[in-house]
Amino acid sequence: MNSGGLMPEQASNFAQEMDLLYYVLIGLTVFFALLVFVPMLYFVVKYRAGSKADRTRPTYHNLKLELAWSLIPLAMGLVVFVWGAKLFVEMYTPLESENALQITVVGKQWMWHLQHPTGQRENNELHIPTGRPIQLTMISQDVIHSFFVPAFRIKRDVLPGRYVTMWFEATKTGRYHLYCAEYCGTDHAKMTGWVYVMKPEEYERWLVASKWGAVSDAARDTMAEAGERLYNDMQCNSCHDPAAQNAPSLAGLFGKERRLSDGRVVTAGEDYIRRSIYKPNSMKVIGYEPIMPTYEGLIDEQEVLQLIAYIRSVRDEADDLTGRETTPEGDS
Ligand code: CUA
């Protein structure tokens with residue numbers, strides 16, 4: 001569908017339906033505006049002061065008419081609501097698909113920092129392939145930002161202190177604008193960038209080429225390897241070693257239910273792990289002394305995401321010990 005220059009290019013799976021919803025909204029608005037204003041103008045002229053129009057039998061009630069103009073627009077409003085809500089839920093519900101490419105996004109004043117699961121980092125640029133769902137896990141390091149790519153018709157506020165997600169699939173190769181759509185301070189207007197949508201083969205080549213460009217071993221790590229490196233550097237293992245017993249083991253932790261000392265039962269997802277690192281005292285797991293110090297200020301948001309990727313990866317290993325891959329050791 002050609003948007004005739006009214007809308008940005010349509011370059012994602014959501015674009016066509018989102019545009020259709022907008023055209024329906026615009027159509028309904030124009031229709032009802034005309035429905036009110038055309039008769040109004042007619043009556044203004046017909047009953048103008050001094051006109052000879054018949055004013056003898058004014059109508060005060062018309063039940064059928066009143067029901068019709070209440071119920072029909074109500075039904076139309078509900079259709080638009082259900083349709084919009086469906087799109088909203090689809091876009092903001094994390095994908096279960098194994099095929100989804102997990103990209104992490106950290107917003108900060110005033111740039112976007114992105115990382116691919118294979119470790120490639122980008123600033124204000126994102127390279128992605130067509131034909132594969134892209135799942136964004138986003139957080140802000142300071143104030144509220146909003147990740148917005150008009151050509152994909154996706155936008156979501158990126159908040160400090162909590163992960164939000166959004167997904168889409170790019171359908172058309174090309175270069176598309178990326179914006180911050182929430183006023184976030186002096187250089188908000190400069191918090192922009194580009195999304196490069198490539199064919200899958202091109203994306204694979206890009207991944208390899210950007211690893212070659214890496215200057216250090218650390219920059220060649222995947223997200224999970226970077227997390228493992230950090231885990232070792234911070235000596236997390238001195239407590240979280242299964243043999244040490246003074247802290248829970250992290251292998252197989254991801255996605256499991258945890259019982260806290262205040263009686264809550266929570267799922268060990270991304271937010272749980274992040275909170276446990278930054279505010280360990282608010283997340284005391286039953287059966288353990290609250291000895292974990294906070295790592296707030298020592299580990300930044302990007303590093304927390306890497307630790308989460310690592311903990312997620314040791315879940316996979318625990319699930320499937322036979323198919324266990326050997327991860328290359330970081331330091332040699
Ligand atoms: Cu970030 Cu506006």
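Residues numbered from 1 in each chain as written. Predicted model: local features only at pLDDT ≥ 70, side-chain atom pairs only at ≥ 80, totals over all residues. Heavy atoms only, no water.

A. Looking closely at a nonpolar patch on the surface. Side chains of Phe31, Leu35, Val36, Phe37, Met40, Leu41, Val44 and Val45 sit close together on the surface and give an oily, nonpolar patch of about 770 Å² of accessible area. Along the chain, Met40 turns up in helix H1 (residues 15–46). Under the relative-accessibility criterion, Met40 is labelled partly exposed at 39%. (Patch = residues over 30% accessible without salt bridge, like charges linked within 9 Å, V, L, I, M, F, W, Y side chains within 5 Å. Areas by Shrake-Rupley, 256 points an atom, 1.4 Å probe, with all protein chains shown as cover. Salt bridge = Lys/Arg side-chain N within 4 Å of Asp/Glu carboxyl O. Helix = DSSP H or I, 4+ residues; strand = E, 2+ residues; numbered from the N terminus. Buried < 20%, exposed > 50% of the residue type's maximum accessible area, 1.4 Å probe, protein only.)

B. Structural context of the sheet that holds strand E7 (residues 154–158). Ordered in space as E4-E10-E9-E6-E7, the 5 strands form an open sheet in which the pairing is mixed. Bordering the open sheet on either side are strand E4 (125–129) and E7, each of which pairs with just one other strand. With strand direction ignored, the average angle separating the axes of adjacent strands in the sheet is 20°. In this sheet, strand E10 (residues 193–198) lies alongside strand E9 (residues 174–180) in antiparallel orientation, the contact comprising 5 bridges. Paired with Tyr176 across the bridge in E10 is Val195. (Pairing = 2+ DSSP bridges. Axes fitted to C-alpha atoms, helices over the stretch in contact; angles between N-to-C directions.)

C. Structural detail: the nonpolar core. Residues Trp112, Ile128, Leu136, Phe147, Phe152, Ile154 and Phe168 are the most contacted members of the largest nonpolar core, which totals 42 residues. At 5 residues, the largest contribution of residues to this core is made by helix H2 (residues 63–92). Membership of the second largest hydrophobic core comes to 30 residues, among which are Tyr231, Phe254, Ile277 and Ala309. (Core = buried A, V, L, I, M, F, W, Y, C linked by side-chain atoms within 4.5 Å.)

D. Geometry of the domain arrangement of the protein. Splitting the protein by domain gives domain 1 (1–95 + 113–208) and domain 2 (221–313). For domain 1 and domain 2, the distance between their C-alpha centroids amounts to 37 Å. Each partner contributes residues to the interface: domain 1 has 14 residues there, and domain 2 has 12 residues. Between domain 1 and domain 2, roughly 1,100 Å² of surface is buried when both sides are summed, and carbon and sulfur atoms account for 52% of that area. Sorting the residues of domain 1 by area buried against domain 2 places Gln115, Ile139 and Tyr163 first, and these three jointly supply 47% of that buried surface. In this assembly, domain 1 and domain 2 are joined by 0 salt bridges. (Domains from an automatic or database assignment. Contact = heavy atoms within 4.5 Å. Buried area = accessible area lost by both parts, 1.4 Å probe.)

E. The side chain of Gln302, seen in detail. Relative to the helices and strands, Gln302 is located in helix H8 (residues 301–319). Side-chain polar atoms of Gln302 contact the side chain of Gln115, separated by 2.6 Å. The contact partners of Gln302, leaving out residues within four places of it in the chain, are Thr104, Val106, His113, Gln115 and Arg121. (Polar contact = N/O pair within 3.5 Å; in protein donor to acceptor, adjacent residues only side chain to side chain.)

F. Looking closely at the pairing of strand E5 (residues 133–140). Burial analysis of E5 places 8 of its 8 residues in the buried class, which makes it a mostly covered element. Where burial is concerned, the two faces of E5 agree: the one with Pro133, Gln135, Thr137 and Ile139 and the one with Ile134, Leu136, Met138 and Ser140 are both buried. Inspection of the sheet shows strand E1 (residues 101–108) paired to E5 by 7 bridges, in the parallel sense. In the sheet register, Val106 faces E5, and the bridge partner there is Ile139. Where E5 and strand E8 (residues 164–169) come together, 6 bridges link them in antiparallel fashion. Among the inter-strand pairings, Met138 is bridged to a residue of E8, identified as Val164.

G. Highlighting the packing of H1 against H2. Relative to each other, H1 and H2 sit at 160°, their axes nearing to 11 Å. Comparing the axis directions of H1 and H2 gives the class roughly antiparallel. For H1 against H2, the interelement crossing comes out left-handed. Between H1 and H2, the contacting residues are Glu17, Met18, Leu20, Leu21, Val24, Leu25, Leu28 and Phe32 on the first element and Pro73, Met76, Val80, Trp83, Gly84, Lys86, Leu87 and Met91 on the second. Of the residues belonging to the contact of H1 with H2, the class tally is 13 nonpolar, 1 polar and 2 charged. (Parallel < 35°, antiparallel > 145°, perpendicular 65-115°, else oblique. Left-handed = near helix turned anticlockwise from the far one by under 90°. Nonpolar A, V, L, I, M, F, W, Y, C, P; charged D, E, K, R; others polar.)

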